[in-house]
There are 2 protein chains.
Amino acid sequence: MLINVERAARMLREYDDYLILSHANPDGDTLGCAYALCGILQKAGKNAKCRCADEIAPRMKYLTDGIKPQEFEHKTIVSVDVADRKLLGSLNEVYGDEVFLAIDHHRSRTEFAEFTLVEPDAAAACELIYEIAETMNVPLDDKIATCLYTGLATDTGCFRFSNTTSRTHYIAAKLMEYNFPYEELNYRLFDMKSKGRVRLEQEIFDKMEFYCDDKIAMVCLTQELMDRHRDSVDSEDFNGLAGMPRKIEGVELGVTIKQKEKDVFKISVRSSEEINASEICEKFDGGGHARAAGCTIEGTLEEVKAALLPELKKAVERID
Amino acid sequence: MLINVERAARMLREYDDYLILSHANPDGDTLGCAYALCGILQKAGKNAKCRCADEIAPRMKYLTDGIKPQEFEHKTIVSVDVADRKLLGSLNEVYGDEVFLAIDHHRSRTEFAEFTLVEPDAAAACELIYEIAETMNVPLDDKIATCLYTGLATDTGCFRFSNTTSRTHYIAAKLMEYNFPYEELNYRLFDMKSKGRVRLEQEIFDKMEFYCDDKIAMVCLTQELMDRHRDSVDSEDFNGLAGMPRKIEGVELGVTIKQKEKDVFKISVRSSEEINASEICEKFDGGGHARAAGCTIEGTLEEVKAALLPELKKAVERID
């Protein structure tokens, strides 16, 4: 059953003994939500604790600071930023059909909870947690502000992406009234790179292929390349590489071909405002957003490139 | 004479025929201020035009869009984001002693105008222009919002740096109610890199020296290196390189040694919260902020490094 912020806040005041679940392979938003909500519920006099199927990356460990561990048997399960019970990972089997309240912001989702608060226009699920705290009339503190800010920043690329709204900045303005080291935090989330990641990016750039007067840039992440770097990078260093080709000045269409199995490749397409990436991917039974889309193509790398390139060139020639 | 926002707004309503001056080597804040204020004054029924000593970089040309050029003889000169009349560049000689109103946010400045509105706590001078428009009761539009947002984003590294305040986000929230392509704009300001810049960064990383278990990273930008890249990069591609060493995970102290003349080197030091960069630079008669400071050392590159390294190592060993 779909509910609004007021109803969710009323419920959270009513029940107790909360177990808060984040999605597996956790990011700043799901963890920010969990630890902020945990802090808010504890301040409201409730028992609350958090769980996640996977470990928290070292650079996000600060989110767990200052939450007091409470020993109790949980009675009420809340999931945060989880669009599908499968995304709970190994916790799906244990808790997947017991979720009482799901708080989320994904547009496409599969309902699994008894009650669901979902706002697809929220840039981050943390926006909803902020509004819940406000409605519950629980004052924030530095620690909770840190968690909520992390969620906003992570899901918007530090307020850069098109999902950022006036509300996102308004909430950030409220959070900034608290005291937390947001510069250091943004440095860790956005600027800091491991040596291994820098070397991986260097090799990807060296092998980048350019077409149509450099308006198309393409990289191939083969198993061989990824295996060769695996020892010197963390698994999360392989994230976010799909954005690389489009970052080169003049590139209108950035394409990443990532090998999934021997003859199976996942394609990510990022485009400038002039080109519809989704239309290109639909030709290969994929889809997505106008400026970021994807598809899967089977065949050898050469066959995949031969299939893709004519469609990419057509899209670029159309804007000339 | 120092004045406040109310007084500045009242003056701008009173006078007419404005010439608005940006500082030389213009950035997003000085240009955002100029074109926003120009739009605001024109909407208030005034004549207004902008001038800058230097050309506007292609990636910021959009700021000049949609401002209607007006032909008139100026009577009132306003400078924006200019901390010293010398920073007007070649326009200093022409207009430097005729500035009626200076609007600025720099903490250290030399007064040169008849009236000055300065707020050192403003992250960007554009915050003051926003408040002037509000006080003048001139409604913004998409074009003016674009300019003001650009100023906020540029001077805060897209809301990442420690100068960002609650007010910065509050103003951004207000600006986001207008319609402008902030994702594309942030992409151009922060993500996009020329091929030449990527190659320059690669070489700098390859030559980066690490000390004290990788807690110190140091790069040397010699004349030879810069000359070799000069043909394949824009002059502004040489900006922002001082931040590179500190971006490597684990680095507490990032040092850039930039050759100015044969035996003269400018040192930039960036540090984590644990280390005071300014204290290090003070030993070489330099200074700055706790986390970003600089100094100049004379000698051969080897002599400069030999002088610096013991001080860097001492600072890092102190935190172990």
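Residues numbered from 1 in each chain as written. Chains lettered and ligands numbered in written order. Predicted model: local features only at pLDDT ≥ 70, side-chain atom pairs only at ≥ 80, totals over all residues. Heavy atoms only, no water.

1. Points about the relation of the copies chain A and chain B
For the record, the criterion: For this overlay, a least-squares fit was computed on C-alpha atoms, restricted to residues scoring pLDDT of at least 70 in both copies. When checking whether two residues touch, look at their non-hydrogen atoms; a contact exists if any pair is within 4.5 Å.
For these two chains of identical sequence, chain A goes onto chain B by a turn of 180° and a shift of 0.0 Å along the axis, with RMSD 0.2 Å. Such a turn and shift between the copies fits a two-fold axis. Comparing interface residues between copies, 100% of those in chain A also sit at the interface in chain B, which points to an isologous, same-surface contact.

2. Section: the state of the cysteines
Residue and element names in this part refer to chain B. The following threshold applies: Pairs of cysteine sulfur atoms within 2.5 Å are what we label disulfides.
All chains considered together, the criterion is met by zero disulfides over all chains. You can see cysteine 147 has no disulfide; the closest cysteine sulfur is in cysteine 126, sitting 7.7 Å from it. Cysteine 281 takes part in no disulfide bond, and the closest cysteine sulfur, belonging to cysteine 295, lies 4.2 Å away.

3. Comments concerning the interface of chain A and chain B
Basically, it comes down to this: When two parts are brought into contact, each loses some accessible area as probed by a 1.4 Å sphere; the total of that loss over both is the buried area. A pair is scored as a salt bridge if a Lys or Arg side-chain nitrogen falls within 4 Å of a carboxyl oxygen belonging to Asp or Glu.
Taken together, the 41 residues of chain A in the interface contact 41 residues of chain B. Of the roughly 3900 Å² buried between chain A and chain B, counting both surfaces, carbon and sulfur atoms make up 53%. Looking only at chain A, the three residues that lose the most surface to chain B are Arg160(A), His169(A) and Lys195(A), adding up to 17% of its buried area. Our count for the chain A to chain B interface comes out at 10 salt bridges.

4. Regarding unusual backbone geometry
For residues other than glycine, phi is negative in most cases, and the peptide bonds are mostly trans. Threshold: Secondary structure elements are defined from DSSP: runs of H or I of at least 4 residues count as helices, runs of E of at least 2 residues count as strands, and each element is numbered from the N terminus.
Despite not being glycine, Asp17(A) has its phi angle at roughly 55°, a positive value. Among the secondary structure elements, Asp17(A) is positioned in the loop between helix H1 (5-14) and strand E1 (18-21). The phi dihedral of Cys212(B) is positive, around 50°, even though this residue is not glycine.

5. Quick word on the nonpolar core
To keep things clear, this is the line we draw: Side-chain atoms within 4.5 Å link the members of a nonpolar core, which is a set of buried Ala, Val, Leu, Ile, Met, Phe, Trp, Tyr and Cys residues. To sort residues, take the accessible area from a 1.4 Å probe on protein chains only and compare it with the maximum for the residue type: under 20% means buried, over 50% means exposed, and anything in between is partly exposed.
Ile103(A) and Ile103(B) are the most contacted members of the largest nonpolar core, which has 121 residues in total. Look past the residues within four positions of Ile103(B) in its chain and what remains in contact with it is Leu37(B), Val78(B), Ser79(B), Val80(B), Asp81(B), Val82(B), Leu117(B), Leu128(B), Ile129(B) and Ile132(B).

6. What to know about the sheet that holds strand E2 (residues 48-51) of chain B
Residues and elements named next belong to chain B. The criterion, for reference: Pairing between strands is defined by DSSP: at least two bridges between them are needed. The angle between two axes is taken between their N-to-C directions and runs from 0 to 180 degrees, where each axis is a line fitted to C-alpha atoms and a helix contributes only its stretch in contact.
If you walk across this open sheet you meet the five strands as E2-E1-E3-E4-E5, and the pairing is parallel. Unpaired on one side and paired on the other, E2 and strand E5 (115-118) mark the two borders of the sheet. On average, each strand axis in the sheet is inclined to that of its neighbour by 20°, with strand direction left out of account. Contacting strand E1 (18-21), strand E3 (76-80), strand E4 (101-104) and E5, helix H1 (residues 5-14) crosses the sheet at an angle of about 130° to E5. Along the sheet, helix H2 (residues 28-43) makes contact with E1, E2, E3 and E4, crossing E2 at roughly 165°.

7. A short note on the environment of Ser268(B)
All names here are of chain B. On the secondary structure map, serine 268 appears in strand E9 (residues 264-271). Remark: the alpha-carbon pair of serine 268 and threonine 296, spanning 28 residues in sequence, is separated by 8.9 Å. Those residues in contact with serine 268, other than ones at most four positions away along the chain, are Ala242, Gly254, Val255, Thr256, Ala293 and Gly294.

8. Quick word on the pattern of salt bridges
A side chain with one charge can pair with a side chain of the opposite charge if their charged atoms come near. For the coordinates displayed, the defined rule picks out 48 salt bridges over all chains. Across the salt bridge formed by Glu127(A) and Arg167(A), the nearest N and O atoms sit 2.8 Å from each other. Here Arg167(A) lies in helix H6 (residues 166-175) and Glu127(A) lies in helix H4 (residues 125-136), a separation of 40 residues in the sequence. With relative accessibility at 0%, the residue Glu127(A) sits in the buried group. By sharing partners, the salt bridges in this structure join Glu183(A), Glu184(A), Arg188(A), Arg246(B) and Arg291(B) into a single network.

9. Points about the packing of aromatic side chains
Threshold: In this scheme Phe, Tyr and Trp rings, the latter by its six-membered ring, pair at centre separations within 6.5 Å, and the angle between planes marks the pair as stacked below 30 degrees, edge-to-face above 60, and tilted otherwise. Counted as over-ring charges are cases with an Arg CZ or a Lys NZ within 6 Å of the ring centre that also lie within 35 degrees of the ring normal.
For the coordinates displayed, the defined rule picks out 13 aromatic pairs over all chains. Site record: aromatic cluster; members linked through ring pairs are Tyr149(A), Phe159(A), Phe180(A), Tyr182(A), Tyr149(B), Phe159(B), Phe180(B) and Tyr182(B). For the cation-ring pair, Lys49(B) lies above Phe72(B), with the distance from its terminal atom to the ring centre recorded as 4.4 Å.

10. Comments concerning the pairing of E9(B)
Look at any regular strand and the pattern is simple: side chains alternate between the two faces of the sheet. Residues and elements named next belong to chain B. For E9, a buried count of six out of eight residues is recorded, marking the element as mostly surrounded by other parts of the structure. Note that strand E8 (residues 253-261) and E9 share eight bridges and pair antiparallel. Each residue of the ladder has a partner; that of valine 255, found in E9, is valine 269. Linking two consecutive strands that pair antiparallel, namely E8 and E9, is a turn of two residues. Of the strand pairs in this sheet, E9 and strand E11 (residues 292-298) are connected by seven bridges, and their pairing is antiparallel. When the sheet's bridge partners are listed, phenylalanine 265 is paired in E11 with isoleucine 297.

11. So, the domain arrangement of chain A
Quick note on the threshold: Throughout, the edges of the domains are those of an automatic or database domain assignment.
What the domain assignment lists for chain A is domain 1 (5-190) and domain 2 (195-317). Measuring from the centre of the C-alpha atoms in domain 1 of chain A to the corresponding centre in domain 2 of chain A gives 32 Å.

12. Concerning the sheet that holds E1(A)
Residue and element names in this part refer to chain A. Across the sheet, which stays open at both edges, the five strands sit in the order E2-E1-E3-E4-E5 with parallel pairing between neighbours. This sheet does not close on itself; its edge strands, each paired only once, are strand E2 (48-51) and strand E5 (115-118). Sheet twist, expressed as the average angle between the axes of neighbouring strands with direction ignored, equals 20°. Of the strand pairs in this sheet, strand E3 (residues 76-80) and strand E4 (residues 99-104) are connected by four bridges, and their pairing is parallel.

13. Quick notes on the packing of helix H5 (residues 142-156) of chain A against helix H7 (residues 182-191) of chain A
Residues and elements named next belong to chain A. The cut-off we apply is this: Roughly parallel covers angles under 35 degrees, roughly antiparallel covers those over 145, roughly perpendicular covers 65 to 115, and oblique covers all other angles. Should the near helix be turned anticlockwise from the far one by less than a right angle, the crossing is termed left-handed; should it be turned clockwise, right-handed. Residues are grouped as follows: Ala, Val, Leu, Ile, Met, Phe, Trp, Tyr, Cys and Pro are nonpolar; Asp, Glu, Lys and Arg are charged; all remaining types, including Gly, are polar.
Between H5 and H7, the least distance of the axes is 11 Å, while the angle of their chain directions is 40°. Taken together, the axes of H5 and H7 are oblique relative to one another. Considering the relative orientation of H5 and H7, their crossing is right-handed. Taking contact as the criterion, the partners of Thr146, Tyr149, Thr150, Ala153 and Thr154 in H5 are, on H7, Tyr182, Leu185, Asn186, Leu189 and Phe190. Each residue belonging to the contact of H5 with H7 can be placed in one class, and the counts come to six nonpolar, four polar and no charged.

14. Quick look at the side chain of Thr168(B)
All names here are of chain B. Note the cut-off: A 3.5 Å cut-off defines polar contacts: any pair of N or O atoms within that distance qualifies, except that in protein one atom must be a possible hydrogen donor and the other a possible acceptor, and neighbouring residues in sequence count only when both atoms are side-chain atoms.
Here threonine 168 lies in helix H6 (residues 166-175). A distance of 2.7 Å separates the side chain of threonine 168 from the side chain of glutamate 127, its partner in a polar contact. Discounting chain neighbours no more than four positions away, the residues touching threonine 168 are Ala123, Glu127, Leu152, Thr156, Phe159 and Asn163.

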